Structure formats: structure tokens, C-alpha cells
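# Commentary on secondary and tertiary structure
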Amino acid sequence: MCATKCSIDLLIPLILLLLPRLISGELNFNNDLDNNQKFKSIPTTIKTYENDTVLLPCYSDTPFQYVRWHRDNVPLVDSRHPEVLPPERIVLWSNGSLQVSNVKAEDTGDYYCEIMSNSNQAVQLHAIEVQYAPSVATEPSGVLELAIGATFEVVCLAQGVPQPAISWRLNGNTLDQYSNAANRQSHIFEIKSRSMAGLIECLAVNGVGQPAVAGVQLHVLFAPELSLPQSVVYTKVGDRAQLECIVESAPLATLQWFHHGVPVHMGAQISSQETELRVSHSQDGYVSLVKHALLVRKVRDSDMGQYECRASNAIGFKSATVELTGRPMPCVFKINPGTQSSTSHVLVWQTESMLPIMEFKLKFRQIPSANLTKPIRTNWTELTIPAQVTIGPIYITSYTLHGLQPASLFEVSVLARNSFGWSDNSKIVRFATGGEVELPNYSTESELQYDATEEAFDNEITQRSHVFTASMIHNGAGAGAGVGRFYSVFLAYITIALQTCLAMHYT
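A short tour of the structure in this document, coming up. A quick note: this is a predicted structure, and the numbers were derived from the prediction, not measured. (Residues numbered from 1 in each chain as written. Predicted model: local features only at pLDDT ≥ 70, side-chain atom pairs only at ≥ 80, totals over all residues. Heavy atoms only, no water.)

Here we come to the overall build of the chain. Each helix and strand counted, the chain has 4 helices and 31 strands in total. In the chain, buried positions account for 41% of the 507 residues. Across the chain, the fraction of contacts at a sequence separation of at least 24, relative to all contacts at a separation of at least 6, is 70%. With an accessible surface of roughly 27,800 Å², the chain has 54% of that area assigned to carbon and sulfur atoms. (Helix = DSSP H or I, 4+ residues; strand = E, 2+ residues; numbered from the N terminus. Buried < 20%, exposed > 50% of the residue type's maximum accessible area, 1.4 Å probe, protein only. Contact = heavy atoms within 4.5 Å. Areas by Shrake-Rupley, 256 points an atom, 1.4 Å probe, with all protein chains shown as cover.)

A separate point is the pattern of salt bridges. As a working rule, side chains carrying opposite charge can pair if their charged atoms are close by. One pass over the full model with this rule turns up 14 salt bridges. R365 is paired through a salt bridge with E411; the nearest N and O atoms lie 2.8 Å apart. Here E411 lies in strand β29 (residues 409–418) and R365 lies in strand β26 (residues 357–367), a separation of 46 residues in the sequence. For R365, a relative accessible area of 9% gives the class buried. With a relative accessible area of 0%, E411 lands in the buried category. When salt bridges with common partners are traced through the structure, they connect R194, E225 and E248 into a single cluster. (Salt bridge = Lys/Arg side-chain N within 4 Å of Asp/Glu carboxyl O.)

What follows deals with the nonpolar core. V136, F152, I166, W168, I200 and L218 are the most contacted members of the largest nonpolar core, which has 26 residues in total. Those elements that place two or more of their residues in this core are β10 (151–161), β11 (165–170), β14 (198–205) and β15 (212–227). Of all the elements, β15 adds the most residues to this core, at 7 residues. Setting aside its immediate chain neighbours within four residues, F152 contacts L144, L146, H187, I188, F189, I191, I200 and L218. With 20 residues, the next largest nonpolar core counts V247, A253, V296 and A311 among its residues. (Core = buried A, V, L, I, M, F, W, Y, C linked by side-chain atoms within 4.5 Å.)

As a further point, take the environment of E248. Relative to the elements of secondary structure, E248 occurs in strand β17 (residues 241–250). In this structure, the C-alpha to C-alpha distance between E248 and L289, residues 41 residues apart in sequence, is 4.5 Å. Discounting residues that sit within four places of it in the chain, E248 has contacts with R194, F222, A223, P224, E225, V287, S288 and L289.

With respect to the helices and strands, the residue V299 is situated in the loop between β21 (288–296) and β22 (305–312). Residue V299 is classed as buried on the basis of its relative accessible area, which comes to 1%. The sequence separation of V299 and T235 amounts to 64 residues, and the corresponding C-alpha distance is 8.0 Å.

In this section: the sheet that holds strand β2 (residues 54–56). Spatially, the 3 strands line up as an open sheet ordered β2-β6-β5, and their pairing is antiparallel. Of all the strands in the sheet, just β2 and β5 (90–92) have a single pairing partner and so form its edges. Each neighbouring strand pair of the sheet contributes to a mean axis angle of 20°, computed without reference to strand direction. Relative to strand β6 (residues 98–100), β5 runs antiparallel, the two being bridged by 3 bridges. Following the sheet pairing, I90 is matched in β6 by V100. (Pairing = 2+ DSSP bridges. Axes fitted to C-alpha atoms, helices over the stretch in contact; angles between N-to-C directions.)

This part is about the side chain of Q131. Checked against the element boundaries, Q131 lands in strand β8 (residues 120–139). Under the relative-accessibility criterion, Q131 is labelled buried at 11%. Only 3.4 Å separates the side chain of Q131 from the side chain of E129, close enough to count as a polar contact. When near neighbours in sequence (up to four residues on either side) are disregarded, Q131 contacts K47, T48, Y49, E50, V161, P162 and V208. (Polar contact = N/O pair within 3.5 Å; in protein donor to acceptor, adjacent residues only side chain to side chain.)

For the structure on display, the rule yields 4 aromatic pairs. Ring centres 5.6 Å apart and planes at 70° place the aromatic pair W349 and F360 in the edge-to-face group. Placement of the pair is W349 in strand β25 (residues 345–352) and F360 in strand β26, with a sequence separation of 11 residues. Among the residues examined, W349 registers a relative accessible area of 0% and is labelled buried. Take F360: its relative accessible area is 0%, and that puts it in the buried class. Grouped by ring-pair contacts, the aromatic residues F333, W349 and F360 constitute a single cluster. Sitting over the ring of F258, R310 keeps its end group 3.9 Å from the ring centre. The positively charged end of K361 is found above the aromatic ring belonging to W422, 4.9 Å away from the centroid. (Phe/Tyr/Trp six-rings, centres within 6.5 Å; stacked < 30°, edge-to-face > 60°. Lys NZ or Arg CZ within 6 Å of the ring centre and 35° of its normal.)

Strand order in this open sheet of 5 strands is β16-β23-β22-β18-β19, and the pairing throughout is mixed. Strands with a single pairing partner mark the edges of an open sheet, and in this sheet they are β16 (232–234) and β19 (262–263). Sheet topology places strand β18 (residues 254–259) next to β19; 2 bridges connect them, and they run antiparallel. Within the sheet, the bridge partner assigned to H259 lies in β19 and is V262.

Let's shift gears to the state of the cysteines. Under the criterion given, the structure shown has 3 disulfides. Put simply, C58 and C113 are joined by a disulfide, and their sulfur atoms are 1.4 Å apart. Since a negative S-S torsion denotes a left-handed disulfide, the C58-C113 link at about -60° is left-handed. Of the two residues, C58 is situated in the loop between β2 and β3 (66–71) and C113 in strand β7 (residues 109–117); the sequence distance between them amounts to 55 residues. (Disulfide = S-S within 2.5 Å.)

Most of β3 sits inside the fold, with 6 of its 6 residues counted as buried. Side-chain alternation along β3 places Y66, R68 and H70 on one buried face and V67, W69 and R71 on a second face that is also buried. Bridge count for β3 against strand β4 (residues 74–78) is 4 bridges, and the pairing is antiparallel. Its bridge partner lying in β4, R68 is registered against D78.

Structure representation (C-alpha cells):
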């Protein structure tokens, strides 16, 4: 009992004496060249992978009295004290070399070999760099819901040896601009439109193993967007009518119907229904697309007029108007394949009306040759044309304008009236009478432009090339008709091409 206690009492001072030297042994780096000349081994930096075995050499030209190793500031092993066991996976060889087995990421660091021989002390530096595949995480992660106009930052936290290179992707497309802060890299996003919705990814690559990817799913919230299958619904008293309003939104929007500014009372006469439509893009699965229908079972006079569908959600609201009317539909001009004369023109148009059409109002005016490419402010000539009795709602009407100026351009529009009122104006179309049409000689493109504040109009050419050709051949008969006919036909085709281009430009 006494012997054991005495041994412990003697051992404790010895340990206390050795411990400071083990922990804080002084390493002499005052002369690196002199140090290295004392070693047969050379300083080594070993780049390796996890679970490998590394041997760090440490042997000198002369026999040494002892050797000890440190990793950074942590003592590992000292040959003078074999009773102190080295850390797990560390082995000191008899020649002074150090073996590290099954290396791990924490084994990365600087290793110092210190030898003492004949009162000479020398230190040699080695290093181990354990390379491992990257890992990455983002802040925030999961699903992020923000409205259009919001600005946010996504931070990419990447680890790995070597230091991973970071890149960013939005819906699989690489983004070039990003800001770095060591291995903490970030990207600032500004949501400008719904198209930014999708997966934001941070990709880390360091050449070891597979790239690491982490990301956040962005849901872009937006105010309702409305579309109308029909902005005007044509009907008649006693018929069934349906008004539709399609709403796309995130989050889900609620919708209310108004008639002349007053909320529509739902009941047996008027009811509403909703139909959820599918969204084609999977990343937009959070977006709701709903068709709202207002059903009028038996239309009354009081049911006619302007309706408003008003949708709202937490982001905002939007409204659109639908007209329920018994007026005729706008007339549509048809191309007349027949041959026209130089002083008359046959017009054909079609419309549809649930009620009998009483009359048409035809408006036309000549376009002065100097104004072929510019807006026109001349007065319309109006004609009232009685409607013919027809079976069914479709009305096809033809009318011949006589006494027109030959080789001239005209434009025309038509309206239809029934007991409920006048239809909207038809599109304005253009036609030409037979003969040569003189075009102005423009020298620059700038002269073809016109003031954008002038009244816009729609241009359609109802007179086709065969009409021009026939009239040109007729006018070119007689002396020199061969040459005149060539230039006349050529000029006719130029006229058609120019008018068609202008029609496409202004409509």
C-alpha cells in the first residue's frame, strides 16, 4: 500500500515536469537552410484522399538521440516517452518517419519533425492535405414564396478540399454574375417577372468526386391576370347566355361579378360556376388557373349591358369587362372574285344577329394619291342600305358602288342595326378601281413615316392583281400597247406589294 502510494507520489512530479515539454516543446526555425542540411529527407506536402495511408519521412545524416512530431501546435509522439501512447492511427517508425493511417479530413495540417543529435536540434516541416468531395447547402432552402418586385439573397455554403468553385443555375440555365466571400458565396436576385419562378441551384465543383448541388425552389407570387374568351357575348331575350372570365394567379384569387357596377345576385336566374384548368408547366404547379362562368338561364332586357369580373388575392386585384348584348356582330368584308369595272365596285360583307337586321350603314371615301401612305382626315360618304329578309342569324349582303373615280383607291366600313341597336364598326378595308394608280415618288424612307398621333386604321386590299392586270391591259390597247402593258402590269404589282406592306404595318 505504501509502496504503491510512494510510486504514485514520485510519478506525479515526473509527469508534471514532462507535460509542459510535451505540449509546448520549442521548435527552432531560426535557420531553415541549416535545418534542412541536417536531414536526408526533404520537406514534403502530400495531397491524398480519405482512408489512404501517408508516410512522412524524417531522418538525418547522423544518428539522433530522439525524435518528436507535432501537428500544428498539437504534440503527437515523442520517442523519449514511449509510455505515452500516440493518437489512434499514428505510428512512429524507428528511422523517425511518421505514418498516418486511414487519413481523415481533420488530419489536414502542418507536421513538424524535430530531431536531437549530439546537442544539435533540427526541425523539418511537412504537410498533409486531405482532399475530399465538395458538400454544399443554401440559405434559405426549401420553398421561397415572394412577389414580383421583391429582392432576396441566396447564400451558398460550400466545403471541400480543394476549395470548391461555385456556379449558379436558374431552371438549369447558368447564371454568370455572383458575389464571393471565401467559401460563402451569394447571389442577389430581383424578381422582375413570373419567368424567374423555378429552381435556384448552387453547384460546387473541386475535381474530387461528384459535384454537389443544393438549391431553393422559388414561387413567384403575382396579382390575378385575366383573359376573356369573348369580350362581347351576343344573345337575344329568352336565350341562355354564358359569360366567361379566366383567372391565373398565385396565391389563389377570389372573383366577384358586377353588373353596371352592382354586385350580381346569384339565384335561380343567374348563377356562377368555377372550373379548375390544368397548368402545363410543372414548376408552376403552385399557380392556379380557374375559369369562372356566369350563367344567365333566360336573358331578360334588364340582363343586357356591361358585366365586370373582378379578381383579387393577397398581392393585388384585376378586373375585366364583358358585354352582354343583342346588337349585331361587326360586319366582315369578303373578297369578291368577280371582275370589277373602272368606275364601280361590288362589296360583299357578312354579319350575324340573333334579332332581324333592319338596315346597314355603308361609309366610304376616296384616298387622294398624295395620301396613300398617310392618315386621312377627309369626310366619309354614308349610305343607308335596307337589309334583306333572311332565314337564320347569318346575313350576307352585297352592294355595288357606282360613279367611282377610275384608277383610284378607296376605303370603306359598314355597320348593321337591329332593334337592339347598331353594331360596332367593321374593320376599314381598301379597294381600288381599275386603271393605273399613280404612286408618289418617295426618295427616302423617312418620308414614308407619318405622325403616330394620327388616327390609326386597318388596311386590307380587296382588289387583287387580276383586277389591276385586266384594267391595265384594257387601258394599254392600241399603239405601243406591248410596252405599255408591260410597264402597267409591273406598276400594278408594285402597287399591290406596297399597299399590302403598309396594311400589315398599320394594323
